Each structure stands twice: as structure tokens, then as C-alpha cells.
Amino acid sequence: MSKKNSVLRFIFDNHGVRGEIANLHEPLAELIHDSYPKILKKTMMELAIASVLVATTLKDGSEIMVQLRGGKSSKLKYALINIRQDLSFYGSASILEDAQLNDESTLADLTGEDSILVLSVFPKDGPKWQGIVSFNNESVSATLEDYFKDSQQLPTRFFIHTDAENCQCGGLMLQIIPEVKGNLDSLEHLSVLTSTLTDNELFSLSFEEILSRLFAHEEVKVFPESPVSFLCICSKQRCENALMQLSHDELASIANEENGTSMTCQHCGKTYTFTKEELISLLHKASQ
């Protein structure tokens with residue numbers, strides 16, 4: 001099994017279409033929590049790979065967040081991926097406390113009928129912008145295709161494959177290059193070829209081998225692979241800052257606990273422990 005943990009850009013010399021291909025394993029192992037129901041694990045993997053494919057198209061220093069928000073009939077509170085310009089990312093998800101999901105639950109069971117997908121872009125320079133689309137219970141891919149078609153007028157196809165058992169997900173994205181003659185016909189032609197991609201090919205072959213098999217009669221130019229990693233935003237300092245935001249009485253109450261306290265990151269699951277002495281020190285610092 002090939003574990004590339006990277007993404008590669010490519011373009012066609014004879015078509016008005018560009019593409020990205022990605023495959024992740026170790027970053028997903030850090031992202032996915034054991035407590036997640038099976039369908040949520042799969043959904044988070046697909047959100048992660050889709051976020052990587054979209055982020056690779058942005059060259060202006062932007063960070064993006066792809067967030068699935070549950071509606072009234074959804075068992076999901078939220079699922080999100082935040083990815084930086086260097087293609088490091090973090091994310092988390094949460095379901096309702098009374099949600100009943102098992103190994104047979106489907107995406108529709110998780111998201112209900114009124115969930116939405118929110119794509120937020122945070123440029124290095126300039127204002128944030130956001131796009132919202134109704135979630136298509138067929139797949140994350142179908143939802144993003146709806147978004148690019150209806151909100152961006154930029155027809156795009158996503159082909160995402162998930163190997164939940166081995167915590168691996170890969171995908172390929174094709175997107176038209178605007179104002180190039182025949183780009184829609186090219187997108188349709190190349191999408192038919194890409195639809196023949198199998199799980200085994202995606203998870204066992206190099207990117208170059210995959211592209212040469214799919215597009216054997218096309219002229220494809222590939223760019224160097226870019227590594228993708230999981231990098232959480234948590235730290236003990238951030239936990240200290242959060243504790244310092246508590247009221248004096250709340251922090252004093254915690255500091256009185258003989259065994260101290262601990263805080264667990266919702267994104268990566270790492271636990272930070274504070275001793276009674278550390279808490280008393282924080283209390284004194286907050287009182288100054």
C-alpha cells in the first residue's frame with residue numbers, strides 16, 4: 001500500500017483542464033478519533049482530501065476552512081477541516097449527544113436533510129470570503145461539484161476514494177481553465193477516463209503511474225509533489241490562556257483540586273495536564 005501523504009498538480013497540454021491528485025494516510029490517523037462513528041470517520045477523511053485538493057489551487061497565501069454544519073434533522077453538530085497555505089491542516093467533528101449511529105449508518109443518516117457545506121477562504125491580504133451550499137447527501141464530492149458549478153461558475157469534478165479500514169483516503173480533482181475553448185467537452189471526456197480509477201490503483205501506484213494509465217493518450221504535464229501534514233493549533237500555552245480567561249472564582253475553584261486538572265484538544269485529542277501548583281501560579285498571575 002502506497003502512503004504518499006502528498007498532493008500533485010497537473011495540467012493537460014491539449015485540454016483546458018487542470019487537475020490535482022492526493023493521497024493521505026498518516027495525517028488522517030492523527031485527525032480521526034476512535035470515538036467517531038464509522039460514517040463520521042469516512043466523512044472526515046473525505047472532507048480532508050477535498051480540502052487538500054481545493055487548497056492546492058490557491059496560490060495567494062490563503063487559508064481555507066471546509067465545514068459541514070448539521071441542520072435541524074441532522075445528527076451532526078459540525079465537521080470541519082482548516083488547511084493552511086503550506087498544506088498542513090487540523091480539524092474536528094461533533095455529533096449530538098443522543099445521536100444513534102452504528103456501522104451501517106449512511107451519510108444521509110448523519111447529515112439529515114438540511115445540512116450545509118461552508119467554504120471559507122482567508123486570504124493573506126484582503127477580506128475573508130465565504131460560500132455556502134446545501135449538502136448533497138450523495139457525497140462530499142457531489143456537494144463540492146454543486147458548489148463550484150452554482151456558486152463559482154467553475155465546473156469541477158471530484159473523484160474521492162476512501163479506505164476506512166486502513167485509514168487512507170485519496171482523490172483526484174479536475175477543473176476547467178476558464179475561457180479556454182472546448183473546456184467543458186474536455187472536462188467531460190477526462191472525467192469519463194478518471195471514473196475508471198480503482199481503489200487499488202489509487203492506493204498502490206505512484207501518482208505518475210496513475211496519470212499515465214488514466215490519460216495514456218493525453219499530453220499531461222506534472223508538477224512536483226507537495227507534502228501534506230496534520231498540524232494542530234493546540235499547545236499548553238493556549239490551554240493556559242484559556243484558563244486565564246476564567247473568572248477568578250472559577251479558576252480558584254479549579255486550583256483547589258488536589259489532583260489538578262487536564263484539558264483535551266478537540267482536534268487532535270492530546271491532553272494537557274496542570275498540577276495544583278501550576279494552577280495556583282496561574283491564579284496568582286491572573287490576580288495581578
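In this report, the structure presented in the accompanying data block is examined. (Residues numbered from 1 in each chain as written. Predicted model: local features only at pLDDT ≥ 70, side-chain atom pairs only at ≥ 80, totals over all residues. Heavy atoms only, no water.)

## Observations regarding the overall build of the protein
Here is step 1: Counting secondary structure elements, the protein contains ten helices and 14 strands.
Here is step 2: By the burial criterion, 50% of the 288 residues in the protein qualify as buried.
Here is step 3: For the protein, restricting intrachain contacts to residue pairs at least 6 apart in sequence, the fraction spanning at least 24 positions comes to 62%.
Here is step 4: On the protein, roughly 14,400 Å² of surface is accessible, and the fraction owed to carbon and sulfur atoms is 46%.
Here is step 5: Computing the positive centroid from 25 side-chain charges and the negative centroid from 40, the protein places the two 4 Å apart. (Helix = DSSP H or I, 4+ residues; strand = E, 2+ residues; numbered from the N terminus. Buried < 20%, exposed > 50% of the residue type's maximum accessible area, 1.4 Å probe, protein only. Contact = heavy atoms within 4.5 Å. Areas by Shrake-Rupley, 256 points an atom, 1.4 Å probe, with all protein chains shown as cover. Lys, Arg positive; Asp, Glu negative; His and termini not counted. Charge placed at Lys NZ, Arg CZ, Asp CG, Glu CD.)

## Here we look at the nonpolar core
Here is step 1: If you look at the biggest cluster of nonpolar residues, it comprises 83 residues, and the most contacted ones within it are Phe10, Leu28, Leu31, Met44, Leu47, Phe89 and Leu174.
Here is step 2: Among the elements that take part in this core, helix α2 (residues 38–55) stands out by supplying twelve residues, more than any other. (Core = buried A, V, L, I, M, F, W, Y, C linked by side-chain atoms within 4.5 Å.)

## Notes on the side chain of Glu218
Here is step 1: Mapping Glu218 onto the fold places it in the loop between α7 (207–214) and β10 (220–222).
Here is step 2: Within polar-contact distance, the side chain of Glu218 engages the side chain of His15 at 2.8 Å. (Polar contact = N/O pair within 3.5 Å; in protein donor to acceptor, adjacent residues only side chain to side chain.)

## Thoughts on the pairing of strand β14 (residues 271–274)
Here is step 1: Side-chain alternation along β14 places Tyr272 and Phe274 on a buried face and Thr271 and Thr273 on a face that remains uncovered.
Here is step 2: As defined by bridge partners, strand β13 (residues 261–264) adjoins β14 across four bridges and the pair is classed as antiparallel. By the bridge assignment, Ser262 is partnered in β14 with Thr273.
Here is step 3: Here β13 hands over to β14 after six residues, with Gly269 in that stretch at a positive phi of 85°. (Pairing = 2+ DSSP bridges.)

## Things to note about the pattern of salt bridges
Here is step 1: Per the stated rule, a full pass over the model turns up five salt bridges.
Here is step 2: Two residues, Glu145 and Arg157, come together in a salt bridge whose shortest N-O distance is 3.1 Å. Remark: Arg157 occurs in strand β8 (residues 156–163) and Glu145 occurs in helix α4 (residues 140–150); sequence separation between them is twelve residues.
Here is step 3: We note a salt bridge from Glu258 to Lys276, for which the minimum N-O separation is 3.8 Å. Taken as a pair, Glu258 in the loop between α9 (248–255) and β13 and Lys276 in helix α10 (residues 276–287) lie far apart in primary sequence, 18 residues in all. (Salt bridge = Lys/Arg side-chain N within 4 Å of Asp/Glu carboxyl O.)

## Some remarks on unusual backbone geometry
Here is step 1: At Gln153, a position not held by glycine, the phi torsion is positive, near 50°.
Here is step 2: Although it is not a glycine, Glu179 adopts a positive phi angle of roughly 70°.
Here is step 3: In this fold, Glu179 is placed in the loop between β9 (168–176) and α5 (183–194).
Here is step 4: Judged by its relative accessible area of 84%, Glu179 is exposed.

## Focus on the packing of helix α8 (residues 236–244) against α10
Here is step 1: Here α8 crosses α10 at 55°, and the two axes come no closer than 10 Å. In this view, α8 runs oblique relative to α10, as classed from their interaxial angle. Pair α8 / α10 crosses with right-handed handedness. The segment α8 lies against α10, with Lys236, Glu240, Leu243 and Met244 engaging Glu278, Leu279, Leu282, Lys285 and Ala286.
Here is step 2: In the contact of α8 with α10, the residues fall into five nonpolar, no polar and four charged. (Axes fitted to C-alpha atoms, helices over the stretch in contact; angles between N-to-C directions. Parallel < 35°, antiparallel > 145°, perpendicular 65-115°, else oblique. Left-handed = near helix turned anticlockwise from the far one by under 90°. Nonpolar A, V, L, I, M, F, W, Y, C, P; charged D, E, K, R; others polar.)

## What about the packing of α2 against α4?
Here is step 1: Two elements in contact, α2 and α4, have axes whose closest approach is 10 Å; the angle formed by their N-to-C orientations is 35°. Crossing angle aside, the handedness with which α2 passes α4 is right-handed. On α4, the residues touching Thr43, Glu46, Leu47, Ala50 and Val54 of α2 are Val140, Leu144 and Phe148.
Here is step 2: Class assignment of the residues belonging to the contact of α2 with α4 gives a composition of six nonpolar, one polar and one charged.

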